[in-house]
Amino acid sequence: MTKFFAGLSALFMLLFSSFSGFASGNSEGKFNAGEMIMHHIQDAHEIHIIGDFAIYLPVILKSEKGFEVFCSSHFYHNKKTAAISVHENQIKNIEYFEHNGFALFHEKIYYTNEQGELDFDEHGHPTNQAVTIDLSITKNTAGLLFALLIVTLVFLSVAKAYKKNVNKAPKGLQSFMEPLILFIRDEVAKPSIGHKYHLFMPFLLTIFFFIWTCNILGLIPFLGGLNITGTLSVTAVLATVVFVITSINGNKHYWGHLLWPPGIPLPIKFILVPIEIAGIFIKPLVLMVRLTANITAGHIIILAFVCLIFIFGEQSATAGYGVGVGSLFFMIFMNFIELLVAFLQAYVFTLLAAIYFGSAVEEAHH
Amino acid sequence: MLSVSIGTIIWTSIAFLTVLFILGKFAWKPILKAIQEREESIELALRAAENAKKEMENLQSSNEKLLNEARIERDKILKEAREAKELVISTAKGKASEEAEKIIAMARESIHNEKMAAVTELKNQVAVLSIEIAEKILKQQLSDEDKQKKIIDNLVKDVNLN
């Protein structure tokens, strides 16, 4: 147990050094907690591991000239500075990255002007046209592919184990996964959906293990602070799939109650039906926002504890160390909470999806 | 984070749907099928065990019944045997006493006969002896003349009286 905690604190110490690398790299000198946190939960075109070491990812752009594919290291190794005047006599330096007619500013890609530069307005926003179709494998896309790969490999091997020892007690990885599979089947799918539960089992299992894996990956240090399920684009796709499956499987009873609820006076129907129709869109939207917000919030809290150290460290080194010890314990505590949240949010998403499916396939019983 | 990126959406959709398809076909289907089959086989085995237990109980109760019947049968046989024994003994006793009575009767008869024979013999002996004694007495009495005379006289006297 002491070994375990020693290892854990060593991990966090290393994590700080990676943050301090980032902090010292800031040319402005003053530590900006908000900027630092947003930078870490934002998607990026590189996976920043530690210090100056990063994994550079492919940038794929669809421009007027056609597809452009290059490594993001070209961006990150070509830093440029633009000086803009804010108010009178106040000059602010803005950093961006440039490569081959494209500029990367706050992880968004723009076309550069003829001089190969990015123009800014007085608020520090770029005035150049942004690239509309950016198909780059970003940090979170890479993380997502990695998570899907893990899930696929794990469950293909588990499936093989089931084929190998038929009607025998599960072994190894299989025995770890079986209670989870049974949990989804018996505690989520069966009570929420009813006798048609088997139709939705593949989706529910995939989404549960996928979200869980993504959440866990987001908690592992030195993976660039993956925030896969905290990315709205990812959860939007998952929510859309839930919406599509619910709509396709919706039977006469489901749509009937939605569009023309029986046994309700006509004037109330005019109020109820729009609400119900809005509801079918709100439900997946809520799924999407809940997952994103929960996972991102967890990341922000942990990052905020890290920031505390630097904020106090700027005042005096002693304060920095003092707060660091307290922050460390809070971070360890938060990491355990986040481990629970990782499971919980995967469970909640799966359960709510199952409940929506259940309402879609429910038979009339009156 | 909060801005929606088309690239991420496209990659997520393609990757997620592909994995959903692969896992659905090659992982979830066989896994769920295997679990269900195993559950069924376990249930079947449990039911078989339950049946075996019930059968065992039945067998046990029938055994008990058989044992009881055997015990009753044994008791009956024993009782019959005891009765038969008593009957045999009592008849034997009856016969024996009858025989004994017979023997005793025969013995008594023969004793009686012997006695009678002995008595007759004795009587004969007594008669012979009395005759001999009478002869001897007579011989003695009539040895002298006086005595002869006296007897005659007595005899004559008696006659006279008649």
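Each residue is numbered by its place in its chain's sequence as written, counting from 1. Both sets of labels track the order of writing: A upward for chains, 1 upward for ligands. The predicted origin of the model limits local features to residues at a pLDDT of at least 70 and limits the giving and counting of side-chain atom pairs to 80 or more, whereas totals for whole chains, interfaces and linings rest on all residues.

1. As for the overall build of chain B
Per the secondary structure count, chain B includes two helices and zero strands. Seen along its three principal axes, the alpha-carbon backbone of chain B occupies a region of about 200 × 25 × 25 Å. Every C-beta atom is placed from the backbone, and the number of other C-beta atoms within 10 Å of a residue's own sets its class: buried at 20 or more, exposed at 12 or fewer, partly exposed in between. A buried classification covers 8% of the 162 residues belonging to chain B. By definition, any uninterrupted DSSP run of H or I lasting at least four residues is a helix, any uninterrupted run of E lasting at least two residues is a strand, and each is numbered from the N terminus.

2. Quick word on the overall build of chain A
Counting secondary structure elements, chain A contains 10 helices and nine strands. Across its three principal directions, the C-alpha atoms of chain A cover 75 × 60 × 40 Å. Scored against the burial criterion, the 366 residues of chain A give a buried share of 34%. Distance between backbone-placed C-beta atoms decides contact: two residues are in contact if it is within 7 Å. In chain A, the proportion of contacts linking residues at least 24 apart, taken out of those at least 6 apart, comes to 61%.

3. Some remarks on the interface of chain A and chain B
The partner chain B presents 30 residues to the 39 residues of chain A that form the contact. Here the side of chain A that touches chain B takes 13 residues from helix H4 (residues 139-164) of chain A, the largest share from any one element. Looking at side-chain class alone, the side of chain A that touches chain B contains 23 nonpolar, 13 polar and three charged residues. Charged residues are taken to be Asp, Glu, Lys and Arg, nonpolar residues to be Ala, Val, Leu, Ile, Met, Phe, Trp, Tyr, Cys and Pro, and polar residues to be all remaining types, Gly included.

4. With respect to the pairing of strand S5 (residues 79-86) of chain A
Along S5 of chain A, only zero of the eight residues are buried, which leaves the element largely exposed. As consecutive antiparallel partners, S5 of chain A and strand S6 (residues 90-99) of chain A are separated by three residues, and within that stretch His87 of chain A has a phi angle of approximately 55°, a positive value. DSSP calls a pair of strands paired once it identifies at least 2 bridges connecting them.

5. A closer look at the sheet that holds S5 of chain A
In a beta sheet, neighbouring strands pair by backbone hydrogen bonds and run either parallel or antiparallel. Residues and elements named next belong to chain A. Strand order in this open sheet of four strands is S5-S6-S7-S8, and the pairing throughout is antiparallel. Each of the sheet's edge strands pairs with one partner strand only, and the pair in question is S5 and strand S8 (108-111). Averaged over all pairs of adjacent strands, the angle between strand axes in this sheet comes to 40°, irrespective of strand direction. Here S6 runs beside strand S7 (residues 102-105); their pairing, made up of three bridges, is antiparallel. Looking at S7, one finds that His99 is bridged to Phe102. Helix axes use the C-alpha atoms of the stretch in contact, all axes being lines fitted to C-alpha atoms, and the angles between their N-to-C directions lie in the range 0 to 180 degrees.

6. Focus on the packing of H4 of chain A against helix H5 (residues 173-193) of chain A
Residues and elements named next belong to chain A. Running from N to C, H4 and H5 cross one another at 100°; their axes reach a closest spacing of 9 Å. It follows that H4 is roughly perpendicular to H5 by the angle criterion. Of the residues in H5, those touching H4 at Val154, Ser157, Val158, Ala161 and Tyr162 are Leu173, Gln174 and Met177. For the contact of H4 with H5, the residue count by class is six nonpolar, two polar and no charged. By definition in this entry, angles of less than 35 degrees are roughly parallel, angles greater than 145 are roughly antiparallel, angles of 65 to 115 are roughly perpendicular, and the rest are oblique.

7. What to know about the nonpolar core
Residue and element names in this part refer to chain A. Here, a nonpolar core means buried Ala, Val, Leu, Ile, Met, Phe, Trp, Tyr and Cys residues linked by C-beta atoms lying within 7 Å of one another. Among the nonpolar cores identified, the biggest contains 61 residues, and Ala189, Phe200, Leu204, Ile207, Phe208, Ile211 and Ala353 are the most heavily contacted of them. No other element matches the 13 residues that helix H6 (residues 201-219) contributes to this core. Discounting residues that sit within four places of it in the chain, Ala189 has contacts with Ile184, Tyr197, Phe200, Met201, Leu204 and Ala354. One finds Phe75, Phe97, Phe102 and Leu104 within the second-largest nonpolar core, a separate group that totals 13 residues.

8. As for the pairing of strand S4 (residues 66-71) of chain A
Residues and elements named next belong to chain A. Within S4, only zero of the six residues are buried, which leaves it mostly out in the open. Sheet topology note: the strand S3 (residues 58-63)/S4 ladder contains six bridges and is antiparallel. Counterpart to Val59 in the pairing with S4 is Phe70. Here S3 folds back onto S4 in antiparallel fashion, the turn holding two residues.

9. Side note on the packing of H5 of chain A against helix H10 (residues 317-361) of chain A
Residues and elements named next belong to chain A. Between H5 and H10, the least distance of the axes is 7 Å, while the angle of their chain directions is 35°. Judged by the twist between their axes, the crossing of H5 over H10 is right-handed. Only Thr350, Leu351, Ala354, Ile355, Phe357, Gly358 and Val361 of H10 make contact with H5, whose side of the interface consists of Ile184, Val188, Ala189, Ser192 and Ile193. Broken down by class, the residue content of the contact of H5 with H10 amounts to nine nonpolar, three polar and no charged. If you view the pair so one helix is near and one far, a crossing is left-handed when the near helix is turned anticlockwise from the far one by less than a right angle, and right-handed when it is turned clockwise.

10. A few points about unusual backbone geometry
Keep in mind that most residues, glycine aside, have a negative phi and that most peptide bonds are trans. Residue and element names in this part refer to chain A. Within the chain, Asn100 stands out as a residue other than glycine whose phi angle is a positive 50°. Of note, Phe222 is a non-glycine position whose phi angle comes to about 65°, a positive value. Residue classification places Phe222 among the partly exposed residues on the basis of 14 C-beta atoms within 10 Å.

11. Quick notes on the domain arrangement of chain A
Splitting chain A by domain gives domain 1 (58-136) and domain 2 (140-361). The C-alpha-based centres of domain 1 of chain A and domain 2 of chain A are spaced at 35 Å. Either an automatic procedure or a domain database provided the assignment from which the domain bounds are taken.

12. Side note on the confidence of the model for chain A
All names here are of chain A. Here pLDDT means the predictor's own confidence in every residue, given as a number from 0 to 100. Overall, the predicted model of chain A reaches an average pLDDT of 85, with 92% of residues at or above 70. Per-element confidence in chain A ranges from a low mean pLDDT of 46 for helix H1 (residues 2-25) to a high of 95 for H6. Note on residues 13-28: pLDDT is under 50 here. Beyond four places in sequence and across chains, it has 10 contacts.

13. What to know about the sheet that holds strand S9 (residues 133-134) of chain A
The strand order S4-S3-S9 (chain A) describes an open sheet built from three strands, whose pairing is antiparallel. A single partner strand is all that each edge strand has here, and the edge strands are S4 and S9 of chain A.

14. Here's the deal with the confidence of the model for chain B
A low pLDDT score tells you not to read the predicted coordinates there in detail. Mean pLDDT over chain B: 89, with 97% of residues reaching 70 or higher. Scoring of the predicted complex yields 0.75 for pTM and 0.85 for ipTM.

15. Comments concerning the environment of Gly326 of chain A
Mapped onto the elements of the fold, Gly326 of chain A is located in helix H10. C-beta crowding within 10 Å serves as the criterion here: with 13 such atoms nearby, Gly326 of chain A is assigned to the partly exposed category.

16. Some thoughts on the environment of Leu135 of chain A
One can find Leu135 of chain A in the loop between S9 and H4. For the pair Leu135 of chain A and Thr81 of chain A, spaced 54 residues apart in sequence, the C-alpha to C-alpha distance is 26 Å.

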